[in-house]
Amino acid sequence: MTTLRPSLRSQSSQVPAKIGVGIKSYNVMELLVTEEVNKQIQLLTVKTSKIVQSADVIAYALNRLPSLYATSKIGWQRQLNRAKTEFSKQINNAVQQGIIAVQKDPLHISDLINDSSENGEVNQAANAALERLKVVLRREDLSWENLASVVENHVNKSNYSRLRHSTDSWETYRY
């Protein structure tokens, strides 16, 4: 789920308007999880809140909570009341775990290197190291995006070369 239906962004007590033909049910949890994510992200530090993508946290939390669908206004109110009474603690915990999981995601952590607004010195050191690696590996095309694969290929080639060389030496000096 990358975005929440616009009608579900309204107040909790309101039933979402019909969105399109064929869509006849709505998950109450989407609304409650989105509200909880927004509330918890506001409590984070500025630096951390830049890292955390709310859509990722919402998806993480929803995948760990039961779906509570409704097809009518009465059903919506019942599911909403049930979710608030029975699942508020679980929603809170799932969102907290989602925020932690998103922060530990290596793809999000790697974005920190490029965040020049807060990490100027770290960025300079990291970019200097990248430039040095370009020289050492003789790869002008080296970038943060392809760094891991280039280094892995280089290591594999070095190991293969070393293995082949040691086999040749063994064959040469064999008794």
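Since we're looking at a predicted model, the values are computed, not measured.

**Some details on the packing of aromatic side chains**
Turning to step 1, where the next piece is worked out: Here the structure, examined in full by the defined rule, presents zero aromatic pairs.
Turning to step 2, where the next piece is worked out: Lying across the ring of Tyr60, Arg64 places its NZ or CZ 3.5 Å from the centre.

**What about the packing of helix H1 (residues 28–42) against helix H3 (residues 54–62)?**
The description of two helices packed together rests on the angle between their axes and the distance between the axes.
Turning to step 1, where the next piece is worked out: Here H1 crosses H3 at 130 degrees, and the two axes come no closer than 10 Å. Considered as vectors, H1 and H3 are oriented oblique to each other. Taken as a pair, H1 and H3 cross one another with a handedness that is right-handed. When H1 is examined against H3, the residues Met29, Glu30, Val33, Thr34, Val37 and Ile41 are found in contact with a partner set consisting of Ser54, Val57, Ile58, Ala61 and Leu62.
Turning to step 2, where the next piece is worked out: When its residues are assigned to classes, the contact of H1 with H3 shows eight nonpolar, two polar and one charged.

**Topic: the environment of Thr48**
Turning to step 1, where the next piece is worked out: Among the structural elements, Thr48 can be located in helix H2 (residues 46–51).
Turning to step 2, where the next piece is worked out: We classify Thr48 as buried; its relative accessible area is 18%.
Turning to step 3, where the next piece is worked out: For the pair Thr48 and Ile99, spaced 51 residues apart in sequence, the C-alpha separation works out to 9.5 Å.

**Brief notes about the confidence of the model for the chain**
Turning to step 1, where the next piece is worked out: Of all residues in the chain, 66% have pLDDT values of 70 or greater, and the mean over the chain is 76.
Turning to step 2, where the next piece is worked out: At the low end of the mean pLDDT range in the chain sits helix H6 (residues 106–110), at 52; at the high end sits helix H4 (residues 73–86), at 95.
Turning to step 3, where the next piece is worked out: Contacts for the low-pLDDT stretch residues 1–12, under 50 throughout, to residues beyond four places or in other chains number 30 contacts.
Turning to step 4, where the next piece is worked out: Across residues 110–116 the pLDDT falls below 50, and counting only partners more than four positions away or on other chains, this stretch makes 10 contacts in the model.

**Brief notes about unusual backbone geometry**
Turning to step 1, where the next piece is worked out: Positive phi, close to 55 degrees, is recorded for Arg138, a residue that is not glycine.
Turning to step 2, where the next piece is worked out: By secondary structure assignment, the location of Arg138 is in the loop between helix H7 (120–137) and helix H8 (147–172).

**Details of the pattern of salt bridges**
Turning to step 1, where the next piece is worked out: Counted under the stated rule, the structure contains four salt bridges.
Turning to step 2, where the next piece is worked out: For Glu86, the salt bridge is made with Arg82, and the minimal N-O distance between the two is 3.5 Å. In this pair, Glu86 and Arg82 are both assigned in helix H4, four residues apart and thus about one turn of the helix distant.
Turning to step 3, where the next piece is worked out: We classify Glu86 as partly exposed; its relative accessible area is 49%.
Turning to step 4, where the next piece is worked out: A residue is classified by how much of its surface remains accessible, and Arg82, at 34% relative accessible area, is partly exposed.
Turning to step 5, where the next piece is worked out: We note a salt bridge from Glu131 to Lys134, for which the minimum N-O separation is 3.2 Å. Residue Glu131 and its partner Lys134 are both found in helix H7; the two are separated by three residues, about one turn of the helix.

Basis of the calculations
- Residues numbered from 1 in each chain as written.
- Predicted model: local features only at pLDDT ≥ 70, side-chain atom pairs only at ≥ 80, totals over all residues.
- Heavy atoms only, no water.
- Phe/Tyr/Trp six-rings, centres within 6.5 Å; stacked < 30°, edge-to-face > 60°.
- Lys NZ or Arg CZ within 6 Å of the ring centre and 35° of its normal.
- Axes fitted to C-alpha atoms, helices over the stretch in contact; angles between N-to-C directions.
- Helix = DSSP H or I, 4+ residues; strand = E, 2+ residues; numbered from the N terminus.
- Parallel < 35°, antiparallel > 145°, perpendicular 65-115°, else oblique.
- Left-handed = near helix turned anticlockwise from the far one by under 90°.
- Contact = heavy atoms within 4.5 Å.
- Nonpolar A, V, L, I, M, F, W, Y, C, P; charged D, E, K, R; others polar.
- Buried < 20%, exposed > 50% of the residue type's maximum accessible area, 1.4 Å probe, protein only.
- pLDDT = per-residue confidence, 0-100.
- Salt bridge = Lys/Arg side-chain N within 4 Å of Asp/Glu carboxyl O.

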